[in-house]
Amino acid sequence: MADYDSGLAKGKAVGAASRDREVWYLKATIVALLACVCWLWSPTDRVYPVSEEMRADAPGEFVKVGVVRTHYTIQGKGPLIVLVHGLGTGWDEAYNHIIPVLAEKNTVLAYDYYGRGYTDGASDNHDMEQLCGHLAELLLQLSGRTNGLTVQPFTLVGYSMGGALVTGFATQYPHLIKNLVLMAPAGVGIPIPIEGQIIQIPIIGDLLFQLLGKLIMQMQLPKGHFEGEDMSEDIRQWRIQRLNQRVEHSQGHISGILSSIRHFPLNGFDAGYAALQKLPFPVMAIWGEDDLVCPFGAASTALKKLVPKLELKPIKECGHDDLVEKDASKTAALIDEFANRK
């Protein structure tokens, strides 16, 4: 009888555990279905505003471009240099060490595009057309602030994903370009890690990146530095602090990065770069020889074949993020010399 009671109790426990699993699977299925519905029916013209708390902390100014409040800065006097940042950062992270140097002899304009830095997010696909359109309208709106410098030929600089973006812009608006500078540009020869491939899957990728996007981006930090895991702890903590701020206070940050990964030509932009060869302005690329994000060896070789006139400026013992951090003074000097070359 005792054995029977014991077996009965075990059977009830197993049954309860089985029902718990079924309930968990049912809940997970409902969540997945709701995500499908949200993904399929989400509006394509939604704006995701940065919180008032975060906006109050912004180092620059704001102007509405369409319905999107866009964060920018204008510093210095002289010929205009426009700076465009990369995939996961705003202008203050990408160029805070470079702007003061350039502003000594130039007018410098830097801005945050959709969902990056302190600019509101937008649910439109963050593809080349949308991001080039955002920059074009911003330049038009700021022509009065710059005495017309933004609608005359200027030096355009793009870092990482921004390198591909400024190339797309330059091929659309060649009459506005005096010089083009590519800093470790994306678009050719970029290895896509497994997590990058998974998050491109609709619905599954949305859920995973919303849950794990911050962790994934934190794990990528050492990859951008020559020292790897031995990178400066001050820089690591500062970057993590900024990432946490954006995830918490900018609804469009994670979704904007995911949209760019899916819709922007982070790879396979060969035709876009090749088009530069026939355009009249000079092109320079600044690249860390130890870049693991946009690998110097394969990517720079491919880019040079696409754009034979390219002037390549490698920096030794320099990773992807080092271009704008520990080696920022070298980068700024190269940009300044190129922009003001007679």
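See the structure printed just above.
The structure contained in this document is the topic of the report that follows. (Residues numbered from 1 in each chain as written. Predicted model: local features only at pLDDT ≥ 70, side-chain atom pairs only at ≥ 80, totals over all residues. Heavy atoms only, no water.)

## A closer look at the sheet that holds strand β9 (residues 283-288)
Within a sheet, each strand pairs with its neighbour through backbone hydrogen bonds, oriented either parallel or antiparallel. Ordered in space as β2-β3-β5-β4-β7-β8-β9-β10, the 8 strands form an open sheet in which the pairing is mixed. Each end of this open sheet is capped by a strand with a single partner; those strands are β2 (61-65) and β10 (311-315). Neighbour-to-neighbour, the strand axes of this sheet turn through a mean angle of 25°, independent of strand direction. The sheet contact formed by strand β3 (residues 68-75) and strand β5 (residues 107-111) spans 4 bridges and is antiparallel. Along β5, the bridge assignment pairs T73 with A110. On top of the sheet, helix α12 (residues 296-306) reaches β8 (177-183), β9 and β10; it is set at about 170° to β9, its chief contact. (Pairing = 2+ DSSP bridges. Helix = DSSP H or I, 4+ residues; strand = E, 2+ residues; numbered from the N terminus. Axes fitted to C-alpha atoms, helices over the stretch in contact; angles between N-to-C directions. Contact = heavy atoms within 4.5 Å.)

## What about the pattern of salt bridges?
Under the defined criterion, the tally for this structure stands at 20 salt bridges. A salt bridge links R145 to E61; its shortest N-O distance comes to 3.2 Å. In this pair, R145 sits in the loop between α5 (128-141) and β7 (154-159) while E61 sits in strand β2, placing the two residues 84 residues apart along the sequence. For R145, a relative accessible area of 43% puts it in the partly exposed group. E61 gets classed as partly exposed once you look at its relative accessible area, which sits at 35%. The partner of E289 in a salt bridge is K316, and the shortest N-O contact between them spans 3.8 Å. Remark: K316 occurs in the loop between β10 and α13 (328-339) and E289 occurs in the loop between β9 and α12; sequence separation between them is 27 residues. On the basis of relative accessible area, E289 is assigned to the partly exposed category, the value being 32%. (Salt bridge = Lys/Arg side-chain N within 4 Å of Asp/Glu carboxyl O. Buried < 20%, exposed > 50% of the residue type's maximum accessible area, 1.4 Å probe, protein only.)

## Details of the environment of Q210
The residue Q210 is located in helix α8 (residues 204-220) in this model. Note on Q210: relative accessible area 51%, which makes it exposed. Expressed as a C-alpha distance, the spacing of Q210 and V247, which sit 37 residues apart in the sequence, is 9.6 Å. For Q210, the contacting residues outside a window of four places in its chain are I254 and S255.

## A word on a negative patch on the surface
A contiguous patch of negative charge on the surface is contributed by E227, D230, D290 and E317. As for its placement among the helices and strands, E227 is situated in the loop between α8 and α9 (233-249). (Patch = residues over 30% accessible without salt bridge, like charges linked within 9 Å, V, L, I, M, F, W, Y side chains within 5 Å. Areas by Shrake-Rupley, 256 points an atom, 1.4 Å probe, with all protein chains shown as cover. Lys, Arg positive; Asp, Glu negative; His and termini not counted. Charge placed at Lys NZ, Arg CZ, Asp CG, Glu CD.)

## Section: α5
An ideal rise of 1.5 Å per residue puts 20 Å on 14 residues; α5 measures up with 20 Å between its terminal C-alpha atoms. Regarding α5, the residues found buried are M128, L131, C132, H134, L135, A136, L138 and L139. In this structure, the buried residues of α5 make contact with β2, β3, β4 (80-84), β5, β7 and α6 (161-172). (Expected span 1.5 Å × (residues − 1).)

## So, the side chain of N106
Relative to the assigned elements, N106 resides in the loop between α4 (99-102) and β5. On the basis of relative accessible area, N106 is assigned to the buried category, the value being 0%. Here L102 takes part through its backbone oxygen, which lies 2.8 Å from a polar atom of the side chain of N106. For N106, the residues in contact, after removing those within four places along its chain, are Q75, G76, K77, G78, P79, I81, D336 and N340. (Polar contact = N/O pair within 3.5 Å; in protein donor to acceptor, adjacent residues only side chain to side chain.)

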